[in-house]
Amino acid sequence: QVQLVESGGGLVQAGGSLRLACVASGTGFSINAMGWYRQAPGKQRELVARMPTSGSTTYGDAVKGRFTISRDNAKNTAYLQMNSLKPEDTDVYYCNTEFRRDGGYLRNAWGQGTQVTVSS
């Protein structure tokens, strides 16, 4: 199975910045896309940003122009640079990867989540 480990969450004041990182590990897999989602208690998980290995990057409307996703394919790592943070960005952020094992069907894996708290 593919495992994802996130890091970089924490507490920051409004207007500040944070950078999240997510490392995918395992054997015999190829990544189709990596992305970030967030979820508040009682709410649905929503897209923050998704970067496919080939194709266009997608951002959620709430973060466009403030957040940037990037990847280091050699390290199976995705980053989320979050600037101009707002209190409403407070959520648990989850890393996601869409992958194939030995050229098989597309699968999903999720990280354990990292808390981001923005104080006003």
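Presented here is an overview of the structure given in this document. (Residues numbered from 1 in each chain as written. Predicted model: local features only at pLDDT ≥ 70, side-chain atom pairs only at ≥ 80, totals over all residues. Heavy atoms only, no water.)

**Overview of the nonpolar core**
Here is step 1 of the chain: Formed by 27 residues in total, the largest nonpolar core has its most connected members in Trp36, Val48, Phe67, Leu80, Met82 and Tyr93.
Here is step 2 of the chain: For this core, the elements supplying multiple residues, two or more each, are strand 3 (18-25), strand 4 (29-39), strand 5 (46-52), strand 7 (67-72), strand 8 (77-82), strand 9 (91-101) and strand 11 (114-119). (Core = buried A, V, L, I, M, F, W, Y, C linked by side-chain atoms within 4.5 Å. Buried < 20%, exposed > 50% of the residue type's maximum accessible area, 1.4 Å probe, protein only. Helix = DSSP H or I, 4+ residues; strand = E, 2+ residues; numbered from the N terminus.)

**A closer look at the environment of Arg45**
Here is step 1 of the chain: Among the secondary structure elements, Arg45 is positioned in the loop between strand 4 and strand 5.
Here is step 2 of the chain: Judged by its relative accessible area of 33%, Arg45 is partly exposed.
Here is step 3 of the chain: C-alpha of Arg45 to C-alpha of Tyr93: the two residues are 48 residues apart in sequence and 9.2 Å apart in space.
Here is step 4 of the chain: Sequence-distant contacts of Arg45, defined by excluding residues within four places in its chain, comprise Tyr37, Arg38, Gln39, Tyr94 and Trp110.
Here is step 5 of the chain: There is a polar contact of 3.1 Å between the side chain of Arg45 and the side chain of Gln39. (Contact = heavy atoms within 4.5 Å. Polar contact = N/O pair within 3.5 Å; in protein donor to acceptor, adjacent residues only side chain to side chain.)

**Considering the state of the cysteines**
By definition, a disulfide links the sulfur atoms of two cysteines through a covalent bond.
Here is step 1 of the chain: Per the counting criterion, the structure on display carries one disulfide.
Here is step 2 of the chain: Residue pairing for Cys22: its cysteine sulfur links by disulfide to Cys95, the two sulfurs lying 2.0 Å apart. Measuring handedness by torsion sign, the sulfur bridge of Cys22 and Cys95 sits at about -85° and is left-handed. Placement of Cys22 in strand 3 and of Cys95 in strand 9 is noted, with a sequence separation of 73 residues between them.
Here is step 3 of the chain: The class of Cys95 is buried, set by a relative accessible area of 0%. (Disulfide = S-S within 2.5 Å.)

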